[in-house]
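Structural characterization, general
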Amino acid sequence: MDHALPDSRGRFWRRLALAMPIALALTASAVGLPFGQEGTEAAEHAANQLNAHAAHAGATAEQLAALTKVLPQQAPGLSWAGWILGLPAIAAVLCMVFGFLKLRNKLPAIVTVLALGGAFVTTFILYQNYESPVTVHLYDWIRLDWSPGSTTGNGTLAAGQSLIADIGLHIDGLTLFWMLFVTGLGTLIAIFASEYMESDVGGNYARFFGAVSIFLLAMGCLVMGGNLFLLYLGWEGVGVASYLLIGYYYGKPSAVAAAKKAFIMNRIGDLGLLVGIYLTWRNFGALDYDTIFRAIANGSTGGETAYLIPYFLMLGAFGKSAQIPLFTWLPDAMEGPTPVSALIHAATMVTAGVYLIARCFPLFLLDPNALPTVAWIGGTTAFLAATIGLMQYDMKRVFAYSTVSQLGFMFLGLGVGTSYGAAFHVFTHAFFKALLFLSSGAVMHGFAGQLDIRKISGLRHIPGFKVVAYTMLVGCLWLAAIPFSAGFFSKDEILLVALTDHTHGNALLGWLGLFTATLTAYYTFRVWFRVCAGPVSYVPGDEHHGHDDHAHAAADHHPHDDHAHAGGDDHHGHAHDGGHFHPHPPRLAVNGVLAVLAIGAIMAGIPGYMSLAGGSNWVKKMIGDSTAVAGVPDLSSASGHAGHAELLGMNAHTLLLVISFGISIVGIGGAAYFHLLNRKAADNLKQSLLASPLTGWLPRALENKWYVDELYDGLFRLPVRGLAWLLAKIDSYLLDSGVINGIGRVPAWVGRYFQPLYNGVLQGYAVVMAGGLGLILVWMMLYWIAHRGGAS
Amino acid sequence: MSSLPSNLMAAMLLLPLIGAGIIAAAPRLLAKHIAVGSSLAVFAISIMLAWQFPEWTSGRFWPNNSASELALGVSFTLGIDSVSLLLILLTTFLTPLALLGSYTSVAHREREFYAWFLVLLSAMLLAFMARDVIAFYVGYEFTIVPMLFLIAIFGGDNRRYAAIKFFVFTFVASVITLSGLIYVAAARAQTGLPWSFGLAELQSFAQSNDFSDTQRYWVFVAMMIGFCVKVPFFPVHSWLPLAHDQAPTGGSVILAGTLLKLGTYGIYRVALPMAPGAAVEIAPLLITFCIIAIVAISLVCFAQKDVKRLVAYSSVSHMGVAMLGMLALNPVGVSGSVLYMINHGLSTGALFLCIGMMYERYHTKDMDKLGGLAKKMPIWAFFMVFFTMTSVGLPGLNGFVSEVMCLLGAFSARPSTALEWPGLIGPRWMLIAGVGSVIFGALYMLYMVGRVVWGPLKEPGHGHGHGHESSHGHAHAGGHDNHGLPPDLSAREVVTLAPIAALCLFLGVQPWYVLDAIGPSATTTIAAYPEAVKNYLRTQQEAEAAKGSLAGETTPEITVSPDATSATGGRISSLSDGSATSHLPISSATATP
């Protein structure tokens with residue numbers, strides 16, 4: 001769990017030696033970034049880009065033409081939609097007050113659930129009243145206008161005349177689609193957490209729900225905001241909520257480290273996003289989506305640096321959505337309480353990157369290589385994370401890597417041009433992944449923080465855990481994407497487009513995706529067969545995964561009234577060595593939420609069935625009614641990417657269905673063999689792999705997550721620390737003691753002649769200086785008075 | 001009616017001095033109450049002044065009448081515009097809170113402490129109000145003396161050295177500034193005009209033909225030396241960490257909150273409008289220092305062990321961002337820079353208050369000895385994390401708007417004569433500065449919070465751990481460690497911090513109030529700069545072209561096309577951009593039939 005590395009001196013230098021050349025190369029290439037206009041090379045590049053645009057234009061112009069259909073109108077009467085943001089804000093403030101008052105009841109949870117539920121209802125009413133895209137202005141925010149009144153000739157390039165970002169909403173299909181599941185899941189998970197976190201009732205309980213409310217507020221700004229700065233506000237806001245919640249158990253150093261890591265890695269992405277926003281502002285002269293996309297719909301491609309916009313935006317997306325190279329924070333983020341993992345680190349926040357790219361889809365068409373880059377990053381991440389997931393023993397970590405992997409699928413979908421597929425997968429994934437996390441949280445809660453899949457077995461036979469085991473099964477089946485599950489429909493939409501697209505090697509990514517899907521089925525059911533099936537046996541955890549040590553103190557009044565403790569022996573802390581451990585099954589709120597989520601996960605497949613029946617579906621309609629329309633097949637272009645595509649001489653749909661059956665059978669069957677029927681075989685296989693020097697590296701590398709953390713340590717963390725140390729020394733010894741005090745000594749030597757030093761050198765020259773100033777002043781006064789006298 | 005603003009301003013200047021006088025005569029125990037009372041009265045007057053102020057969005061000065069002469073003919077002209085009024089409000093807002101935060105920490109020679117504090121307030125206000133360089137200088141210089149005593153009497157173990165260093169640094173540097181100012185006035189008098197130290201007069205003279213480029217250059221250098229030390233700017237910053245380290249909490253709050261702003265305010269008000277040509281010539285050097293300050297000093301912060309030193313170094317780095325915005329020389333950057341001054345004053349001042357509250361309880365600022373204080377002091381932890389978030393520029397709080405505007409200003413300040421507001425920075429340097437301020441800035445603050453606020457609880461051992469602190473003399477005065485303070489924040493301390501937090505939130509959510517006020521003033525201040533930058537760029541291009549044609553004679557295969565001449569070779573070329581044909585109308589590429 002805690003991968004804190006022993007920083008021995010030798011390793012430090014070796015890593016540094018490894019890292020420095022790479023760091024230098026990176027810096028050099030960063031400084032060499034073609035920001036345009038910097039000499040002839042850049043001019044050439046710009047010319048190439050122009051040609052590329054011309055070649056690309058045929059494909060994208062058609063897609064962009066659809067954009068004109070979804071440009072919003074100003075809607076003055078809709079300001080009540082602001083309550084979607086206002087309610088969580090009020091809840092956050094109230095939770096803060098409760099925290100100050102150290103309230104010892106569940107009021108924070110009640111307030112939060114009501115606020116989030118209210119936000120959901122408001123969103124739903126908004127959805128009911130929705131007809132076409134609108135913008136709603138709520139408040140002025142950042143306004144700086146220095147235009148002299150006249151505008152320069154070429155309209156779109158009047159950048160640098162004003163900086164306006166208001167707190168306003170951009171409501172279209174994409175927004176509503178996203179907000180519906182964000183607020184819905186947020187409410188459900190808050191209900192779950194009201195029971196799950198009850199051992200912390202008090203200041204910490206308020207802190208938890210306050211941070212959850214802040215998260216929903218920020219997520220609302222991110223998704224509903226009408227301009228890029230407001231998106232950035234939400235972007236960083238969810239980051240800080242995530243920081244506070246990962247570090248919720250702040251007594252644990254690993255949680256604090258994970259929180260910090262998440263924030264910093266996100267910040268790296270954020271800088272990319274910020275530069276992307278600056279570039280957009282410079283090229284399109286505005287920050288609000290309306291102006292930007294209107295300009296694009298009118299045929300503008302911005303200035304000569306516009307082609308860089310997507311690359312910087314995608315860096316932000318990769319940070320928030322844990323893609324290569326910024327993915328290592330997400331597995332560590334599992335240090336947070338499980339409801340947080342479910343809400344923030346699986347269902348909602350991490351999909352913000354997908355939202356960003358879907359929202360700014362027209363900007364990603366500005367450079368022909370932008371979307372393929374997204375596809376390759378996504379496809380590679382999906383594969384890499386799945387391989388790591390194969391060898392993890394911590395239940396939550398397996399699901400964390402599967403989240404990274406599934407996010408990779410979403411980016412693959414965006415990259416191959418189906419924003420519909422990506423958004424659909426976000427939607428289905430939100431349900432089944434939240435379900436998986438919450439059910440693993442229920443297991444963890446019941447077994448005193450045990451998460452090791454080798455230490456719990458046969459959960460479905462343990463009384464009280466039936467709901468957990470079978471809802472988890474639904475989640476696993478959906479994650480494994482067995483045919484006709486929601487996960488199947490969304491994932492296959494992505495893979496279908498990838499496989500039938502023969503540009504940029506996307507088909508190759510499609511096949512890699514299919515292989516990744518096999519791995520997914522295997523590692524998902526590895527968990528389920530280990531934990532839920534098989535003979536009953538369990539070892540309770542040390543309660544440190546889920547609960548801070550104050551949980552021990554709170555154990556006396558731990559409210560488990562419905563559960564009889566044998567002989568008054570409390571399980572917290574010492575039960576596992578006494579052997580009297582009794583798992584305590586979840587109660588109504590937890591089971592209820594799990595059941596609702598399972599039903600939701602099943603229902604999430606409905607758009608897929610509608611699609612199968614040949615018609616359009618709800619998701620397609622919603623995404624098509626937004627700026628992501630260019631990525632919705634059947635709407636963006638007449639030909640359609642995947643409508644009647646053929647693959648290997650067969651109807652692609654049918655073939656993919658067959659392949660998916662095969663994948664499920666191979667993956668789940670493999671998992672059943674190694675982890676249910678013959679559990680020894682898995683160990684034997686691993687041992688035999690380890691025994692051979694040819695293959696021994698593989699399990700080791702997988703178990704150590706491909707050593708990416710170590711690589712980053714060497715590449716960034718240690719050099720930065722070393723550099724910091726070095727610079728601090730330079731600052732204090734060379735600059736301060738050497739140069740500055742050296743200069744300071746000169747007047748002191750001079751001062752010796754005039755003033756006997758009585759209390760140290762510095763005192764002396766201060767007096768000399770004061771005297772000098774006095775002399776200057778007197779001289780000045782005299783000269784001035786004399787001159788004045790002469791003048792008058 | 002026109003005398004009303006002058007009366008209000010005179011009242012603001014005199015009231016603290018009267019308060020200081022009363023403190024000197026009053027009983028020791030009343031000192032702090034009198035100080036807080038009179039600073040609150042000054043705050044009230046400043047609110048009245050702001051209420052009366054008619055020029056919020058015009059960029060003009062008020063009152064606009066010239067000289068109200070005092071004895072000896074020094075024209076003590078007072079006048080404020082929106083920017084100086086904002087900084088005055090910041091000063092009058094922070095001072096009572098800094099005093100309130102010092103209630104229990106100052107336990108000896110209270111009368112001196114509070115009296116000097118009020119003198120400091122008066123001096124700062126004078127500097128912000130002055131329209132006459134002598135009046136400005138008197139205020140500017142007079143801030144040094146009270147601060148010297150605050151550090152030297154009430155500071156930590158090494159207080160004498162810190163105080164003297166602070167004094168010598170700022171004093172020597174500001175004398176150089178003064179000499180520059182006097183030089184301009186003298187040169188002006190040489191031409192037969194009557195003597196005047198009026199800022200507007202000097203500035204218009206410095207830009208006239210009677211003043212040569214060389215003179216302008218040296219005058220600007222002289223002024224910048226003083227202001228840069230005060231900011232403090234990168235190579236001359238080393239007095240600040242030491243001064244903060246040793247200063248008492250209240251002193252640190254004012255030092256970081258408003259005293260440093262005198263430097264940037266001086267640059268904004270006095271130096272920049274004085275000599276645009278010279279400023280542009282020196283700008284590349286200053287920008288280099290800015291970027292070094294932002295990146296390198298952020299890393300230096302990361303290596304600190306002492307919380308207060310860390311925040312002090314962060315001030316150096318943050319003021320580097322403010323300076324970068326100022327040197328972007330365009331409205332976004334300069335407005336952002338002014339906003340940055342206010343925001344930095346609030347968040348860093350509040351961080352110093354928080355650290356002071358921690359120090360009062362544990363008598364150490366060493367991160368190795370502290371940890372997990374959230375467990376002991378949850379309310380304190382809330383404020384600490386909150387102000388950390390303002391400091392790292394979390395959107396929705398005040399720091400974000402100014403940081404993002406400074407960086408955006410730097411980003412759009414490309415050296416291109418085709419731009420309306422050309423500058424000398426551009427996207428690449430902004431990216432490097434962004435790494436420093438956005439990533440490293442978060443890195444060291446979270447590192448500090450991660451150690452002090454979060455983590456397992458670690459408190460310095462009681463009874464023996466603070467023996468070395470006894471040189472304070474007052475630390476154990478009553479035989480009790482914590483001055484009778486509760487484990488978590490007392491109501492007084494919450495009252496100290498809460499207004500700042502509220503203001504941070506307000507400025508984060510509704511910054512346009514302030515931006516509306518800053519914008520016109522900023523645009524006026526740098527009105528001469530687009531032309532100056534363009535001239536500079538043209539000169540550079542001509543020099544390059546001359547070099548290029550020279551090279552063309554010796555190596556005939558190089559043909560010099562108009563496009564290629566612009567950016568080749570040299571350090572300047574990496575900054576300069578030069579291609580006048582920048583905005584290609586490539587929209588035709590995707591025009592649909």
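What counts and what doesn't
Residues numbered from 1 in each chain as written. Chains lettered and ligands numbered in written order. Predicted model: local features only at pLDDT ≥ 70, side-chain atom pairs only at ≥ 80, totals over all residues. Heavy atoms only, no water. Helix = DSSP H or I, 4+ residues; strand = E, 2+ residues; numbered from the N terminus. Buried < 20%, exposed > 50% of the residue type's maximum accessible area, 1.4 Å probe, protein only. Contact = heavy atoms within 4.5 Å. Areas by Shrake-Rupley, 256 points an atom, 1.4 Å probe, with all protein chains shown as cover. pLDDT = per-residue confidence, 0-100. Axes fitted to C-alpha atoms, helices over the stretch in contact; angles between N-to-C directions. Parallel < 35°, antiparallel > 145°, perpendicular 65-115°, else oblique. Nonpolar A, V, L, I, M, F, W, Y, C, P; charged D, E, K, R; others polar. Phe/Tyr/Trp six-rings, centres within 6.5 Å; stacked < 30°, edge-to-face > 60°. Expected span 1.5 Å × (residues − 1). Core = buried A, V, L, I, M, F, W, Y, C linked by side-chain atoms within 4.5 Å. Domains from an automatic or database assignment. Left-handed = near helix turned anticlockwise from the far one by under 90°. Patch = residues over 30% accessible without salt bridge, like charges linked within 9 Å, V, L, I, M, F, W, Y side chains within 5 Å. Salt bridge = Lys/Arg side-chain N within 4 Å of Asp/Glu carboxyl O. Pairing = 2+ DSSP bridges.

Before going further, it helps to spend a moment on the overall build of chain A. When helices and strands are tallied, chain A shows 30 helices and seven strands. Out of the 792 residues in chain A, the part that is buried amounts to 62%. Counting only contacts in chain A whose residues sit at least 6 apart along the sequence, the fraction spanning at least 24 positions is 80%. As displayed, chain A offers around 28500 Å² of accessible surface, 67% of which is attributable to carbon and sulfur atoms.

What follows concerns the overall build of chain B. Looking only at helices and strands, one finds 23 helices and zero strands in chain B. The buried share among the 593 residues of chain B stands at 67%. Put simply, chain B shows about 18300 Å² of open surface, and 65% of that area lies on carbon and sulfur atoms.

What follows deals with the confidence of the model for chain B. All names here are of chain B. Considering every residue of chain B, the mean pLDDT works out to 81; 86% of them sit at 70 or more. Per-element confidence in chain B is highest for helix α3 (residues 82–101), whose mean pLDDT is 93, and lowest for helix α23 (residues 570–575), whose mean pLDDT is 34. For residues 463–480, every residue scores under 50 in pLDDT, and the model assigns this stretch 23 contacts once sequence neighbours within four places are set aside. Overall fold confidence for the complex sits at a pTM of 0.85, while the interface term, ipTM, reaches 0.85.

Residue and element names in this part refer to chain B. Their axes nearest at 9 Å, the elements α3 and helix α4 (residues 110–129) cross at an angle of 170°. By the criterion of interaxial angle, the relationship of α3 to α4 is roughly antiparallel. Facing Ser 84, Leu 87, Ile 88, Thr 91, Thr 92, Thr 95, Ala 98 and Leu 99 of α3, the residues of α4 in contact are Tyr 114, Phe 117, Leu 121, Met 124, Leu 125, Phe 128 and Met 129. Per-class residue counts for the contact of α3 with α4 are eleven nonpolar, four polar and no charged.

Bringing the packing of aromatic side chains into the picture now. Under the defined criterion, the tally for this structure stands at 65 aromatic pairs over all chains. Here Phe 100 of chain A and Phe 382 of chain B contribute two aromatic rings whose centre-to-centre distance is 5.4 Å and whose plane-to-plane angle is 80°, an arrangement assigned as edge-to-face. Residue Phe 100 of chain A is located in helix α3 (residues 83–101), and its partner Phe 382 of chain B is located in helix α16 (residues 378–391); the two belong to separate chains. Since its relative accessible area comes to 27%, Phe 100 of chain A is described here as partly exposed. Joined through ring pairs, the aromatic side chains of Phe 120, Phe 124, Tyr 127, Phe 177, Trp 178, Phe 181, Tyr 355, Phe 427, Phe 431 and Trp 618 of chain A make up one cluster.

The terminal C-alpha atoms of helix α15 (residues 370–390) of chain A lie 31 Å apart, and with 21 residues this matches the ideal 30 Å at 1.5 Å per residue to within 8%. Extensive coverage of α15 of chain A is indicated by the burial of 16 of its 21 residues.

The biggest cluster of nonpolar side chains holds 456 residues, and the ones touching the most others in it are Leu 163 and Trp 178 of chain A together with Trp 380 and Phe 387 of chain B. Ranked by residues supplied to this core, first place goes to helix α12 (residues 276–302) of chain B with 18 residues. Here this core spans two domains, and each of domain 1 (419–540 + 583–703) and domain 2 (706–758) of chain A adds at least three residues to it. Other than its neighbours up to four places away in sequence, Trp 178 of chain A contacts Met 219, Val 223, Thr 351, Val 354, Tyr 355, Ala 423 and Val 426 of chain A. Counting residues in each nonpolar core, the second largest holds 17 residues, with Phe 409, Leu 495, Ala 517 and Ile 663 of chain A among its members.

Residue and element names in this part refer to chain B. At a minimum axis distance of 9 Å, the contact between helix α14 (residues 331–362) and α16 shows a crossing angle of 150°. When the interaxial angle is binned, α14 and α16 end up roughly antiparallel. Here α14 and α16 pass one another in a crossing that is left-handed. On α16, the residues that touch Ser 347, Ala 350, Leu 351, Cys 354, Ile 355, Met 357 and Met 358 of α14 are Trp 380, Phe 383, Met 384, Phe 387, Thr 388, Thr 390 and Ser 391.

Here we come to the confidence of the model for chain A. Residue and element names in this part refer to chain A. Summary statistics for chain A give a mean pLDDT of 77 and a share of 75% for residues scoring 70 or more. Confidence over residues 49–58 falls short of pLDDT 50; this stretch has 13 contacts with residues more than four positions distant or in other chains. Predicted confidence for residues 544–578 stays below pLDDT 50, and this span has 51 contacts to residues more than four positions away or in other chains.

All names here are of chain A. Residues Phe 484, Tyr 609, Leu 612, Phe 661 and Ile 665 make up a contiguous nonpolar surface patch of about 510 Å² in total accessible area. For the nonpolar patch, the elements supplying multiple residues, two or more each, are α24 (606–612) and α26 (652–677). By the element assignment, Phe 661 lies in helix α26. Overall, the relative accessible area of 41% leaves Phe 661 in the partly exposed class.

Moving on, we get to the sheet that holds strand β1 (residues 73–74) of chain A. The sheet built from three strands is open, its strands ordered β1-β2-β3 (chain A) with mixed pairing. One side of each edge strand has no neighbouring strand; the edge strands of this open sheet are β1 and β3 (162–171) of chain A.

Residues in a regular strand project their side chains so that they alternate between the two faces of the sheet. All names here are of chain A. Pairing analysis gives two bridges linking β1 to strand β2 (residues 134–145), with the strands arranged parallel. If you follow Gln 74 over to β2, its bridge partner there is Thr 135. Summarising the sheet, β2 and β3 pair through nine bridges and their orientation is antiparallel. For Asp 145, the partnering residue across the bridge sits in β3 and is Ser 162.

Moving on: the pattern of salt bridges. Residue and element names in this part refer to chain A. Counting across every chain of the model gives 23 salt bridges over all chains. A salt bridge links Asp 166 to Arg 143; its shortest N-O distance comes to 2.6 Å. One end of the pair, Asp 166, is in strand β3; the other, Arg 143, is in strand β2, and 23 residues separate them in sequence. Take Arg 143: its relative accessible area is 27%, and that puts it in the partly exposed class. Across the pair Arg 397 and Asp 332 runs a salt bridge, and its minimum N-O distance is 3.3 Å. Of this pair, Arg 397 sits in helix α16 (residues 395–415) while Asp 332 sits in helix α11 (residues 329–332), placing them 65 residues apart in sequence. For Arg 397, a relative accessible area of 5% translates into the label buried. One salt-bridge network, held together by shared partners, links Lys 106, Glu 195, Glu 198 and Arg 587.

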